[in-house]
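Structural overview for review
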Amino acid sequence: MKRTVCLSVLSLLGFGALGAQNAPEGFWTDPSVASEGKADSRPEFVSYSTREQAETGDPSRSPHYVSLEGKWRVRHSTMASGGERDFYLPSFSAALWQQTELPNTAPVAGASPLEGLVPPQLPAEIPLVQYRAQIEIPYLWLDRDLFLHVEGVGGGYSLYVNGRRIGYANDTRTPAEFPISPAVTDGVNTIAIEVYGFSAGNWMETLIPQTAAGTLGKIYLYSQPKLRIEDFVVETSPDSARVHGNVDFAVVMSNSYRSAEKVTLGYDIYSPAGKLLTYNLVEREIPGESTDTIRCHELLYHVMKSAWTPDAPTLYELMLYTRRDGRIIEYIPLRFGFKDVELRDGELWINGSRASLAAADYDAAPDAAATERELRALKKGGFNTVCVSYPQPAWFYGLCDRVGCYVIDQANVNAGYRTDDPNVGGSVANAPDFLPQFIDRVSAMQGRSKNHTSVVALSLGGRCGNGYNLYKAYQWLKAADSLHLVTYRDAQGQWNSDFDFPATRDGRTYLNSAAAQKQPAAKPKGKASAHRR
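Because the structure is predicted, anything quoted here is derived from the model rather than measured.

Moving on, we get to the packing of helix α3 (residues 368-380) against helix α4 (residues 394-403). Remark: α3 packs on α4, axes separated minimally by 10 Å, with the N-to-C direction vectors making an angle of 40°. When the interaxial angle is binned, α3 and α4 end up oblique. Like other packed secondary-structure pairs, α3 and α4 cross with a definite hand, here right-handed. In this structure, α3 uses Ala 368, Thr 371, Glu 372, Leu 375, Arg 376 and Lys 379 to contact α4, whose residues at the interface are Trp 395, Phe 396, Leu 399, Cys 400, Arg 402 and Val 403.

Here you go:
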C-alpha cells in the first residue's frame, strides 16, 4: 500500500526528471519542479541504540545522530555570475571562502521581491549562495542507511555529497530529508549546498514573512540499520461503549540488503504513570531491497476515561524496537493519547462530543521554552486550538501534545497572487503548471505530523483562493490519510473542505495585548522618583 501511494506521488511531482548532476539549466525557475531526491515524508525520528537513550527523546543522546550546525564555508554571488562552477567537488578548495555559523536564518522586512511580476517570473538578479562543509563519517555507519535533514533554507537549493548531486527542494518552511548512502565513503566526506535566492517556490509563499535569501537553518545527519523501521502510523479509537480503547498501528519495515532478511518487530505500551500495559513480538521476512508493512492491534482497558483533551492531555508511550539475529538494533519512542475525531453532518466531533474550537492563528516562537510559555498564555486566555501558517519545527507538535492544544496543521501553501481570479492561470491556485508544488507541500506536511495526538485536522493552505491545484491537493490528502479531516480557509463553499475552517483570532496580537495589560502603570510626569539612578 505504501509503495502504491509513493508511486502516485512520484508521477505527480516528476521526480527523477533531474538525474544527479544532469539538472536542466534554470530548473529552479520551473514551477513544475517542486523537489527531487527527497525521502518520503515521515515523522521526524532518529534511531537509538538503547532503551534508556530512546526514553529521553533527545536525538543528541543517540550515537547515530550528528548535528552539522557550526562553521561552514560560504561564498555569495549571483545566478548571473554563476558562482564557483565546481564548488561541490571534493577536490575543490574552499579554504579562501568566508566562514559562517549555521544556522544563519533571518527574517526580511519590506515589500515582496515579486512585487510587479507575474508567475512564474522572478527578479532579474537572483542571489546565489554556496556552502561547503566536511565531515568524517564513522566507519560503522557505512553498513547503515544515512539521511541528511535540512530545514529553514532561504530559497530553493540543491544538495551535493562528495560531488554527487543528491536532490533539490524549494519549500523554505518544511524540512526535507535526503537519503545519501550511495554517495558516502569512509573517512572525510564533502557536503555542498547551493541556495538560489529566488525560485518558483517563492510564488507559493507570498502570504508569509520572507526569510533572507540564501540562508540555511537546522542541518543534521543520522543513520539507521539497513533492516529498519522506515515509517509508522498510530490510530486510536474507543470501543462501542467508549470505555476501552483500541490502538492500531502499522509499521513499514525496510530492507536495504539484496537478499530477504528476517526481522522481529517488538513493542511495549506504557501508561502515563509508567506502568507496562502490554507488549508483543512479531516476526517477518522482508524481501531484499523492498518494504513490508506490519500491522498490530491492542485493546487497552478502561482508558477512555483518560482520553486526551486540551484540559487533560494524557499521554501513553509506545516503544518500538527491532531485533535481528537475537540482537536489538534500534529503538524508536512515540507518545500518544486516546482521541477520535469524526464528521457528523458537516460538524467536527471529538471524543464523542461536538467540538468547540476557540482558535488562534499562531506560529512557534524561536525556541521551545518561549513557545511553551506562549501556548500556556493562550490557553489561559481561553484558546484551545492553534492554527499554524505552515509546518512547524518537530518539537512544536510534541509541545502541543504535552501542553494540551488542538492543532490544525497547514501546508506551506501561501500563494497570494490574484486569489480572486477564477480563470485558468489567473491565480497560482488555478495554474496547472504549479500543481507539483501543491502536491509536494501537502504531502510533506501530512507525513511529519500524522502521529501527533494534538493534530485534529490538516489544512490545505492559507488564503490562496480556490481552483484546480487545491482540488487536486485535497484529493491527494484524502487518498493518503484516512486519520485526519481536511479543511481549507478559502474553500468558498466548495467541496474541497470537510468542515468550515474555524474563526480565528491573531494569537500574536492577543499575546502582545495581554502582555501590555500586565505592565505596571506609567509613573506620573514631574518630580523624579527618589529611586531613579
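Read on, since the account is not over.
The next thing to look at is the pattern of salt bridges. Scanning the model with the defined rule gives 24 salt bridges in all. We note a salt bridge from Glu 372 to Arg 402, for which the minimum N-O separation is 3.2 Å. Taken as a pair, Glu 372 in helix α3 and Arg 402 in helix α4 lie far apart in primary sequence, 30 residues in all. For Arg 463, the salt bridge is made with Asp 490, and the minimal N-O distance between the two is 3.6 Å.

Our focus in this paragraph is the sheet that holds strand β20 (residues 327-336). Two strands in a sheet stick together by hydrogen bonds in their backbones, pointing the same way (parallel) or opposite ways (antiparallel). Spatial strand order, β17-β16-β19-β20: four strands in an open sheet with antiparallel pairing. With partners counted over all chains shown, the strands left at the sheet margins are β17 (276-286) and β20, one partner each. In this sheet, adjacent strand axes meet at a mean angle of 15° when their direction is disregarded. Pairing between strand β16 (residues 261-270) and strand β19 (residues 316-324): seven bridges, direction antiparallel. Residue pairing in the sheet places Tyr 267 in a bridge with Leu 320 of β19.

On to the side chain of Asp 231, then. When you line up the elements, Asp 231 lands in strand β14 (residues 227-238). Only 2.9 Å separates the side chain of Asp 231 from the side chain of Lys 450, close enough to count as a polar contact.

Our next topic: the packing of helix α5 (residues 435-449) against helix α6 (residues 468-480). One can describe the packing of α5 onto α6 by two numbers: an axis separation of 9 Å at closest approach and a directional angle of 35°. Every pair of crossing elements has a handedness; the one defined by α5 and α6 is right-handed. Counted together, Leu 435, Phe 438, Ile 439, Val 442, Ser 443, Met 445 and Gln 446 of α5 and Tyr 468, Asn 469, Leu 470, Lys 472, Ala 473, Trp 476, Leu 477 and Ala 480 of α6 form the full contact between these two elements. Here the contact of α5 with α6 is built from residues that sort into eleven nonpolar, three polar and one charged.

Analysis parameters
- Every chain is numbered independently, its residues counted from 1 as its sequence is written.
- Owing to the predicted nature of the model, reporting of local features is limited to residues with pLDDT of at least 70; listing and counting of side-chain atom pairs is limited to 80 or more, with chain, interface and lining totals taken over all residues.
- Side-chain calculation: all heavy atoms of the structure are included, whereas hydrogens and water are not.
- Throughout, an axis means a line fitted to C-alpha atoms (over the contacting stretch in the case of helices), and angles, computed between N-to-C directions, take values from 0 to 180 degrees.
- Secondary structure elements are taken from DSSP: a helix is a run of H or I of four residues or more, a strand is a run of E of two residues or more, and numbering for both begins at the N terminus.
- Geometric relationships in this document are graded by angle, where less than 35 degrees denotes roughly parallel, more than 145 denotes roughly antiparallel, 65 to 115 denotes roughly perpendicular, and other angles denote oblique.
- Note on convention: the crossing is left-handed when the near helix lies turned anticlockwise from the far helix by less than a right angle, right-handed when the turn is clockwise.
- Whether two residues are in contact is decided by their heavy atoms: any pair within 4.5 Å suffices.
- Salt bridges are defined by distance alone: a side-chain nitrogen of Lys or Arg within 4 Å of a carboxyl oxygen of Asp or Glu.
- Two strands pair if DSSP finds at least two bridges between them.
- Any pair of nitrogen or oxygen atoms within 3.5 Å is treated as a polar contact; in protein, a donor-acceptor pairing is required on top of that, and neighbouring residues in sequence qualify only through side-chain atoms on both sides.
- Each residue receives one of three labels: charged for Asp, Glu, Lys and Arg, nonpolar for Ala, Val, Leu, Ile, Met, Phe, Trp, Tyr, Cys and Pro, and polar for the others, Gly being one of them.

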